[in-house]
Amino acid sequence: MKYIDEFNAPDLAHRLLDEIRATVTRPWALMEVCGGQTHSIIRHGIDQLLPEQVELIHGPGCPVCVTPLDVIDQALEIAARPGVIFCSFGDMLRVPGTDRDLFRVKGEGGDVRVVYSPLDALDLARRNPDRQVVFFAIGFETTAPANAMAVHQARRLGLDNFSLLVSHVRVPPAIDAIMTAPECRVQGFLAAGHVCSVMGTAEYPELAEKHRVPLVVTGFEPLDILEGIRRAVHQLERGEHRVENAYARAVRERGNPAALRMIEEVFEVTDRNWRGIGRIPASGWRLTDAFRAYDAEHRFDVTGIRTEEPAQCRAGEVLQGLIKPTECEAFGTTCTPRTPLGATMVSSEGACAAYYLYRRMTGPAPQGSRIPREEMNPVG
Ligand code: SF4
């Protein structure tokens, strides 16, 4: 099959939509797993172009959104310590902890820095031997290889002033948890293409079989998403439940072997809490014993921090696809990107942020009224 880029995009979009319309005979609910896909869908109005029988449900695939409040508070505690340089991707700085965020810590004198790679943080550690440099290692399978590489390099270079605050999560156990929930309405998945480009697709056939759902590995461009939907609807209409790769230009069945080797050497599977969702068995990674010395949670003794989610925020339901952001009473009133109650309103991949950014609460945005993306994620 030709790459999507080789086609005339508007023509192909029409063809894909026509084929979906011609195929669908009854209602289907598909979940796009990744927050990047959610933003693409809302930004381009893909959900509004689909026949009304096809509903898109937004999934939990926003790494910033699912990082538990406990871990945010651990980050705030470490970042406020003297002698620490706390490094993070920009998205995390406005994520609310219990009583402040990393911006506030920075404003109060903490040395909080935005970096674009964990290797930038490693370089800071090399250049500041008298300081402790901590990198906030959050994310799905996509960010794990680079974080593993950073800690691997730290050990090779003998840098004992570098550590990771790890909150890595894995997609397949989350899909399993979503499908196991009694209130689940999802009948098919658009699996996250970038995750599969690292991990491959080997973990998915078992899930497709267990829950009898199609899993279509899908990219992030509008045409990728339409192609993923087309294939999922096709399978559903035919009563099939297979794993299909609609992102073959980036995803191989066995993933990226070098990245997998690095993850395997540095991380081991563990249970993880997901913000607003709760504990999901085997849904995360932590450093192995061999790399435990680089674990900031232990180095700074913040393991005991336990916190409660704010009752007003319904991000857990949003992340599980049980409600749309606009069904949260706080959406666009007490909760806005400037006054966020939950991470889904500040993350550049959060569903609440997507609905607010593209004015889904009031219908189509009047010209020039959209909030600039920079304001949603001012440092990212
Ligand atoms: S709109 Fe705000 S309060 Fe409501 S679920 Fe989203 S982040 Fe939470």
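This is a predicted model, so every value here is computed, not measured.

A few points about the site of the ligand
Argument step 1. Close contacts around the ligand come from Cys313, Arg314, Ala315, Cys328, Ala330, Phe331, Cys335, Leu341, Gly342, Thr344, Met345 and Cys352, and that covers them all.
Argument step 2. Looking at the shell around the ligand residue by residue, the class counts come to nine nonpolar, two polar and one charged.

Let's talk about the nonpolar core
Argument step 1. Counting 87 residues, the largest nonpolar core has Phe86, Phe136, Phe162 and Phe189 as the members making the most contacts within it.
Argument step 2. Taken domain by domain, the makeup of this core includes at least three residues from each of domain 1 (9–61 + 175–245) and domain 2 (64–170 + 255–299).
Argument step 3. With residues up to four places along the chain from it excluded, the contact list for Phe86 reads Ala75, Ile78, Ala79, Leu102, Asp111, Val112, Arg113, Val134, Phe136 and Leu165.
Argument step 4. With 38 residues, the next largest nonpolar core counts Leu50, Leu56, Val318 and Cys352 among its residues.

Comments concerning the pattern of salt bridges
Argument step 1. If you walk through the whole model with that rule in mind, you get 29 salt bridges.
Argument step 2. Here Asp99 ties to Arg100 by a salt bridge, and the two come within 3.8 Å at their closest N and O atoms.
Argument step 3. Residue classification places Arg100 among the partly exposed positions, given a relative accessible area of 25%.
Argument step 4. Put simply, Glu108 and Arg104 hold a salt bridge, and the shortest N to O gap is 4.0 Å.
Argument step 5. For Arg104, a relative accessible area of 46% gives the class partly exposed.

Focus on the side chain of Asn128
Argument step 1. Relative to the helices and strands, Asn128 is located in the loop between α7 (118–127) and β5 (132–139).
Argument step 2. Overall, the relative accessible area of 17% leaves Asn128 in the buried class.

Description of the sheet that holds strand β8 (residues 215–218)
Argument step 1. Taken together, the five strands give an open sheet; going across it, the order is β2-β1-β7-β8-β9, and neighbouring strands pair in parallel fashion. Two strands close off the open sheet at either side, each with one partner strand: β2 (54–61) and β9 (243–245). Each strand of the sheet is rotated relative to its neighbour by a mean of 25 degrees, with strand direction disregarded.
Argument step 2. Note: strand β1 (residues 28–34) against β2, six bridges, orientation parallel. Looking at β2, one finds that Cys34 is bridged to Gly61.

A closer look at the domain arrangement of the protein chain
Many structure descriptions define interface size as the accessible area lost when the parts assemble.
Argument step 1. As far as domains go, the protein chain holds domain 1 (9–61 + 175–245) and domain 2 (64–170 + 255–299).
Argument step 2. Between domain 1 and domain 2, the C-alpha centre-to-centre distance is 31 Å.
Argument step 3. Between domain 1 and domain 2, the residue contacts involve eleven residues of the former and 15 residues of the latter.
Argument step 4. The contact between domain 1 and domain 2 buries some 910 Å² in all, and 73% of this surface belongs to carbon and sulfur atoms.
Argument step 5. On the domain 1 side of the interface with domain 2, the three residues burying the most area are Pro60, Val198 and Met199, jointly 53% of the side's total.
Argument step 6. The interface formed by domain 1 and domain 2 contains one salt bridge.
Argument step 7. Put simply, Arg170 and Glu203 hold a salt bridge, and the shortest N to O gap is 2.6 Å.
Argument step 8. Linking domain 1 to domain 2 there are two residue pairs in polar contact (both at pLDDT 80 or more).

Topic: the sheet that holds strand β4 (residues 111–114)
Argument step 1. The sheet built from six strands is open, its strands ordered β4-β3-β5-β6-β11-β10 with mixed pairing. Strands at the two margins of the open sheet, each flanked by one partner only, are β4 and β10 (267–274). Within the sheet, the average angular offset between the axes of one strand and its neighbour, ignoring direction, is 25 degrees.
Argument step 2. Bridge analysis of strand β3 (residues 84–88) against β4 gives four bridges, and the strand direction is parallel. Considered in β4, the bridge of Ile85 is made with Asp111.
Argument step 3. Of the strands in this sheet, β3, β4, β5, β6 (162–169) and β10 touch helix α5 (residues 69–79), which is tilted by about 165 degrees from β6.
Argument step 4. Across the sheet, helix α8 (residues 144–157) lies against β5, β6, β10 and β11 (278–287), angled at about 155 degrees from β6, the strand it touches most.

Basis of the calculations
- Residues numbered from 1 in each chain as written.
- Predicted model: local features only at pLDDT ≥ 70, side-chain atom pairs only at ≥ 80, totals over all residues.
- Heavy atoms only, no water.
- Near = heavy atom within 4 Å.
- Nonpolar A, V, L, I, M, F, W, Y, C, P; charged D, E, K, R; others polar.
- Core = buried A, V, L, I, M, F, W, Y, C linked by side-chain atoms within 4.5 Å.
- Buried < 20%, exposed > 50% of the residue type's maximum accessible area, 1.4 Å probe, protein only.
- Domains from an automatic or database assignment.
- Contact = heavy atoms within 4.5 Å.
- Salt bridge = Lys/Arg side-chain N within 4 Å of Asp/Glu carboxyl O.
- Helix = DSSP H or I, 4+ residues; strand = E, 2+ residues; numbered from the N terminus.
- Pairing = 2+ DSSP bridges.
- Axes fitted to C-alpha atoms, helices over the stretch in contact; angles between N-to-C directions.
- Buried area = accessible area lost by both parts, 1.4 Å probe.
- Polar contact = N/O pair within 3.5 Å; in protein donor to acceptor, adjacent residues only side chain to side chain.

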